[in-house]
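Chain by chain, the residues run as shown.
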Amino acid sequence: MKIYTQNQIEETVVALKNHNSVALPTDTVYGLAVLYGDLKDLQHLKDLKDRDAHKPIPFMVKGIEMMESIAQVDERTKKIVETFLPGALTLVLPVLPSLDRTYTNGKDTIAIRIPDEPFILQVIEKLKTPLLVSSANQSGQPAALSVEQVQEQLPDVDVIVSGKCSRQQASTIVDCTKEELVILREGPISLEELNRSLKK
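Reference entry: report on the structure contained in this document.

A word on the packing of helix α4 (residues 75-84) against helix α7 (residues 191-199). At a minimum axis distance of 10 Å, the contact between α4 and α7 shows a crossing angle of 110°. If you check the angle between α4 and α7, you find them roughly perpendicular. The interaxial crossing formed by α4 with α7 has right-handed handedness. On α7, the residues touching R76, K79, I80, T83 and F84 of α4 are E193, L194, S197 and L198. Across the contact of α4 with α7, the residue classes tally to four nonpolar, two polar and three charged.

This is the structure in structure tokens:
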């Protein structure tokens, strides 16, 4: 296990390109990341977490263009993105037909977030591809908020990037695939705020 600082952007990029698992601080809680593009990396992430094979892993992207490379983004979603992202909000969207459904566990939807964390956005920009990022903990256990908590729960992770998780609360998850928005997990951003933004 290697420990990097947030100044080691290039080293983090290389680690991900070399198919390593990387625990990194986000604007919510610590995330466990692998590079999108190799299904073996996805399986490695799930094995580390002891993740239920039927639960898909969310994606992190840098912006709306990268989001549109893997998901169908309508005008309502664009307005939500413009208002709340980067931020503590995960959007569940229809997946593009071209994306391998193994990444979504066969589902026709995909969960995507743009984190409000400059370090991660710089890493994604250099990689030029999305990251698969789940919370850096054993499935069913509390989310990790520090390097020590990651080490305790994920002793076999390849790299940990040290840093602070600013909100220390998991993101709101909102289903944008239905006529009315549906909150799947409560978080910092409420349904009322989302609906209010769409009326402006």
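From this point, the discussion proceeds with the structure in view.
Turning next to the environment of L24. Relative to the elements of secondary structure, L24 occurs in strand β2 (residues 22-25). Counting along the chain gives 20 residues from L24 to Y4, while the straight-line C-alpha distance between them is 9.4 Å. In contact with L24, other than residues within four places in its own chain, are V29, Y30, G31, A33, F119, I120 and V161.

Before going further, it helps to examine the sheet that holds strand β3 (residues 30-35). The strand order β1-β8-β2-β3-β7-β4-β6-β5-β9-β10 describes an open sheet built from ten strands, whose pairing is mixed. Two strands in the sheet have a free side with no partner beyond their single neighbour: β1 (2-4) and β10 (182-185). Here strand β4 (residues 59-60) pairs with strand β6 (residues 109-113) via two bridges, running parallel. What sits directly across from F59, in β6, is I112.

Definitions and limits used
Residues numbered from 1 in each chain as written. Predicted model: local features only at pLDDT ≥ 70, side-chain atom pairs only at ≥ 80, totals over all residues. Heavy atoms only, no water. Axes fitted to C-alpha atoms, helices over the stretch in contact; angles between N-to-C directions. Helix = DSSP H or I, 4+ residues; strand = E, 2+ residues; numbered from the N terminus. Parallel < 35°, antiparallel > 145°, perpendicular 65-115°, else oblique. Left-handed = near helix turned anticlockwise from the far one by under 90°. Contact = heavy atoms within 4.5 Å. Nonpolar A, V, L, I, M, F, W, Y, C, P; charged D, E, K, R; others polar. Pairing = 2+ DSSP bridges.

Any functional reading would require information beyond the geometric quantities listed.
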